[in-house]
Amino acid sequence: MQLARNAALLQGVPACMLLPKPRGPLSQSLFQALREWPGSAPAWPRAADGEDAAVALWAAYELSYRGFDDVDDGLEWEPGVLELRQRLERDLEGRLRDRYRPPETTEPFAEALFDYIAGHDGHSLAAHVQRNATDEQVLDLMRLRSIYHLKEADPTAWMVSRLPVAPKAALVELLYDEYGAGDPNRLHSHLFAKGMEAAGLRAEYGAYVDEAPLEVLEQNNAMSLFGLHRRWRGAALGHLAAFEATSSLPSRRMAQGLERLGFAPELVGYYTEHVEADAVHEQLAVRSICGALVEAEPTLVDDVFFGAFTCLDLEDRVAGRLLTQWGAA
Ligand SMILES: [Fe+2]
Ligand SMILES: [Fe+2]
């Protein structure tokens, strides 16, 4: 089994993923329907709680990424599933919009966006890992980070075909790095997978979704929401800008913390790769991607800030949740 998993990793072949565990009546009903299709879509129950809705939406989105071994690939565009996805997306959008307050200044654009991102004062998981985290806390964090890092950049790649010339060229330049610049062994998601294996963790895509708390599911769902809808292109790129502009220094802290604890060089290497890469990417994302987008489409300025806010706010909520759980808030 271990050999097969390694072989799959080395060849870049995605290992299998099954539907996650349901967390309430809605996800129970959706997952059962997905497994038993064809059949008519049931009358979907209202979600009993946030996690129930979030895991249902996460699974509905995954049909557009790599799918599940226990679900027919044809269900990606099934109207009954899309209808539920749309209902859950509206609820998510409402929650995200309710938390956002537009900034007072958006001119000049790139400086205003850098200032806005720098001015967001949130909890820092990287600072905790650098100085105080235990091995177990780091492993907890890696399992949860894997839900995004094992498909790193995929939600943003949806955007390429939807952009005007200048931001499209800049986004592809950034994505070229994220996807390994032509070398499968340099793909950032693959670097993370190798780090997971070296740390004794499972590296299959989606392996730890059942452990993800609400905040982590929402963090992943927000990226898919923005990435899959052309109307949210401003938010998708604003999210990317905030992500890249808050990565370089925290990645250095993560690498130092992992070295302090004696984690494998493969895992440390994923973070050291991001120290330099994201110092470049933040300039690309803020100036050449978002800057060029709002020059071509000035009405999208507020969406860019909304996307940036959502990235920072959700990361703050994830960090707050974990630090509280660890007694380190
Ligand atoms: Fe990356
Ligand atoms: Fe990056």
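Residue positions within a chain follow its written sequence, with the count starting from 1. Written order determines the labels here, with chains lettered from A and ligands numbered from 1. Local features in this predicted model are restricted to residues whose pLDDT is 70 or higher, and side-chain atom pairs enter the listing and the counts only when it is 80 or higher, whereas totals over whole chains, interfaces and linings include all residues. Excluded from the side-chain calculation are hydrogens and water; included are all heavy atoms of the structure.

1. Quick look at the packing of aromatic side chains
Each pair of aromatic rings is reported with the distance of its centres and the angle of its planes.
Thought 1: The rule is short: rings of Phe, Tyr and Trp, with Trp giving its six-membered ring, pair when the centres are within 6.5 Å, and they are stacked under 30 degrees, edge-to-face over 60, tilted in between. For the structure shown, the criterion picks out 12 aromatic pairs.
Thought 2: Judged by centre distance (5.6 Å) and plane angle (75°), the rings of F226 and F306 are edge-to-face. Remark: F306 occurs in helix α15 (residues 301-325) and F226 occurs in helix α11 (residues 214-228); sequence separation between them is 80 residues. The pair F226 / F306 is uniform in exposure class, with both members buried.
Thought 3: Here Y270 and Y271 contribute two aromatic rings whose centre-to-centre distance is 4.9 Å and whose plane-to-plane angle is 85°, an arrangement assigned as edge-to-face. The two residues Y270 and Y271 agree in class, both being buried.
Thought 4: Aromatic rings pair up to connect Y100, F226, W232, F306 and F309 into one cluster.
Thought 5: Look at NZ for Lys and CZ for Arg. If either is within 6 Å of the ring centre and within 35 degrees of the ring normal, a charge sits over the ring. We note R97 situated over the ring of F306; from NZ or CZ to the ring centre the distance is 4.3 Å.
Thought 6: The cationic tip of K151 hangs over the ring face of Y65; the distance from NZ or CZ to the ring centre is 3.9 Å. Strands are runs of DSSP state E lasting at least two residues, helices are runs of H or I lasting at least four, and both sets are numbered from the N terminus onward. Exposed residues in this analysis have more than 50% of their type's maximum accessible area, buried residues have under 20%, and partly exposed residues fall in between, with area computed by a 1.4 Å probe over protein chains only.

2. Here we look at the environment of L171
Thought 1: The topology assignment puts L171 in helix α9 (residues 165-178).
Thought 2: The class of L171 is buried, set by a relative accessible area of 0%.
Thought 3: Those residues within four positions of L171 in sequence are excluded, and the remaining contacts are T156, M159, V160, L163, L237, L240 and I289. The contact criterion used is simple: two residues touch if any of their non-hydrogen atoms lie within 4.5 Å.

3. With respect to the coordination of the iron ion (ligand 2)
Thought 1: The donor set covers N, O and S atoms within 2.8 Å of the metal, switching to 3.2 Å for Na, K and Ca, and it leaves out water, so a site may look short of donors. Distances from the iron ion (ligand 2) to its protein donors, E178 (OE), E244 (OE), E244 (OE), D278 (OD) and H281 (ND1), fall within 2.1 to 2.6 Å.
Thought 2: Site description for the iron ion (ligand 2): donor spacing in sequence, E-x65-E-x33-D-x2-H.
Thought 3: Separation of the iron ion (ligand 2) from the iron ion (ligand 1) amounts to 3.8 Å, with E178 serving as a shared donor to the pair. On the criterion of sequence distance, the pair formed by E244 in helix α12 (residues 233-245) and D278 in helix α14 (residues 265-296) is long-range, its members being 34 residues apart. Comparing E244 with D278, the two get one shared label, buried.

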